[in-house]
Amino acid sequence: MRQLLFLLCYILCSCSGLRSFVIQPGGVKGFYMTGICKYIRDHYDLSDWNYYGASAGAWNVMYLGCSSEKEELFIQQAQEIGQFSYTSLYDMEKTMKKRLMANFELEDFDIPSMNICVSSKRNWQPLLRKDVIREFYDMDDLVECCIASSHLPFITNGEFFYHYRARKCLDGGFFRKPYTREDNIIPSMILHPEIWKNTQMNQINRMHTLDIHSMLYYGYNDAYNHRWELDELFDA
């Protein structure tokens, strides 16, 4: 019976004509995943893909949803924030937000393809609720969604919750899947920072040793070295 339900779900997802790209959390190793996403964007047609992500995956959803005309500018902003040092993750996020707000508008993104998972706390409910945000009011709302999805209690900015859309929010990575049952998807691609077990990331993924340029390079280069695996996924 379970196999039959799985088959039916697969058929329904296939009939939709869209495939699903899930990007998992990864802390600042998210820049490594951005390098991988950059290689994928450069070499494959993503016109029939939807993106789902939480935490570091949320920022990569934004990158994947960025228009081809502005894609290089997005990467440039990521590279340039690597020139500075930061006191906290939130400090870096505020710098990225300032740059994105100055150079992008909401129309520069394919919003229908973007799905960002945020964990939220309702005052009358003891447990966290999974919110998958699919529509955004403006550019500020989109970037704030990524910040909320990346919020680790006390670690990010010293506060337990991050307030987004008048909600108390936490890292979307508290949920294993950044999509809901109603999405009715079977991910065609799941990207996580240990996908190719590059141990060099462990030397440059702390705030005091952060090397964004190297992480972007390693991600792109690892994707190139495993291109036959990506060919099977994206050329299918």
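Everything below is about the structure shown above.
The notes below deal with the structure included here. (Residues numbered from 1 in each chain as written. Predicted model: local features only at pLDDT ≥ 70, side-chain atom pairs only at ≥ 80, totals over all residues. Heavy atoms only, no water.)

**Section: the packing of aromatic side chains**
Inference 1: The final tally for this structure, using the stated rule, is 16 aromatic pairs.
Inference 2: Centre to centre, the rings of Tyr-39 and Tyr-224 are 6.5 Å apart; their planes meet at 70 degrees, and the pair counts as edge-to-face. Placement of Tyr-39 in helix 2 (residues 30-43) and of Tyr-224 in helix 7 (residues 212-225) is noted, with a sequence separation of 185 residues between them.
Inference 3: You can call Tyr-39 buried: its relative accessible area is 4%.
Inference 4: Among the residues examined, Tyr-224 registers a relative accessible area of 40% and is labelled partly exposed.
Inference 5: Measuring from centroid to centroid gives 5.9 Å for Tyr-52 and Tyr-179, while their planes differ by 75 degrees, and the two rings are edge-to-face. Taken together, the residues span a long stretch of sequence, with Tyr-52 in strand 2 (residues 49-54) and Tyr-179 in the loop between strand 6 (167-170) and strand 7 (189-191) at a distance of 127 residues.
Inference 6: Taking the relative accessible area as the measure of exposure, Tyr-179 reaches 12% and is therefore buried.
Inference 7: Each member of the aromatic cluster is reached from another via a ring pair, and the members are Phe-21, Tyr-39, Tyr-44, Trp-49, Tyr-51, Tyr-220, Tyr-224 and Phe-234. (Phe/Tyr/Trp six-rings, centres within 6.5 Å; stacked < 30°, edge-to-face > 60°. Helix = DSSP H or I, 4+ residues; strand = E, 2+ residues; numbered from the N terminus. Buried < 20%, exposed > 50% of the residue type's maximum accessible area, 1.4 Å probe, protein only.)

**A look at a negative patch on the surface**
Inference 1: A cluster of like negative charges, contributed by Glu-229, Asp-231, Glu-232 and Asp-235, occupies part of the molecular surface.
Inference 2: Looking at the secondary structure, you find Asp-231 in helix 8 (residues 227-234).
Inference 3: Looking at Asp-231, the relative accessible area reads 33%, which means it is partly exposed. (Patch = residues over 30% accessible without salt bridge, like charges linked within 9 Å, V, L, I, M, F, W, Y side chains within 5 Å. Areas by Shrake-Rupley, 256 points an atom, 1.4 Å probe, with all protein chains shown as cover. Salt bridge = Lys/Arg side-chain N within 4 Å of Asp/Glu carboxyl O. Lys, Arg positive; Asp, Glu negative; His and termini not counted. Charge placed at Lys NZ, Arg CZ, Asp CG, Glu CD.)

**Remarks on helix 3 (residues 56-65)**
Inference 1: Across the ten residues that make up helix 3, a large majority, ten, are buried.
Inference 2: Among the residues making up helix 3, those that are buried are Ala-56, Gly-57, Ala-58, Trp-59, Asn-60, Val-61, Met-62, Tyr-63, Leu-64 and Gly-65.

**A closer look at the pairing of strand 6**
Working note: regular strand, side chains alternate between the two faces of the sheet.
Inference 1: Judged from the three bridges that link them, strand 3 (residues 114-121) and strand 6 form a sheet pairing that is antiparallel. Residue pairing in the sheet places Ser-119 in a bridge with Leu-170 of strand 6.
Inference 2: Of the strand pairs in this sheet, strand 5 (residues 162-164) and strand 6 are connected by three bridges, and their pairing is antiparallel. Opposite Tyr-162, over in strand 6, you have Cys-169 as the bridge partner. (Pairing = 2+ DSSP bridges.)

**Some details on the nonpolar core**
Inference 1: Counting residues in each nonpolar core, the largest one holds 61 residues, and the members touching the most others are Phe-21, Met-62 and Phe-109.
Inference 2: Those residues in contact with Met-62 that sit more than four places away from it in its chain are Phe-74, Leu-100, Phe-109, Met-114, Met-139, Leu-142 and Cys-146. (Core = buried A, V, L, I, M, F, W, Y, C linked by side-chain atoms within 4.5 Å. Contact = heavy atoms within 4.5 Å.)

**Comments concerning the packing of helix 4 (residues 71-81) against helix 5 (residues 89-103)**
Inference 1: Remark: helix 4 packs on helix 5, axes separated minimally by 10 Å, with the N-to-C direction vectors making an angle of 145 degrees. Judged by the sense of rotation from one axis to the other, the crossing of helix 4 with helix 5 is right-handed. Only Met-92, Thr-95, Met-96, Arg-99, Leu-100 and Asn-103 of helix 5 make contact with helix 4, whose side of the interface consists of Leu-73, Phe-74, Gln-77, Ala-78, Glu-80 and Ile-81.
Inference 2: Of the residues in the contact of helix 4 with helix 5, the class split is seven nonpolar, three polar and two charged. (Axes fitted to C-alpha atoms, helices over the stretch in contact; angles between N-to-C directions. Left-handed = near helix turned anticlockwise from the far one by under 90°. Nonpolar A, V, L, I, M, F, W, Y, C, P; charged D, E, K, R; others polar.)

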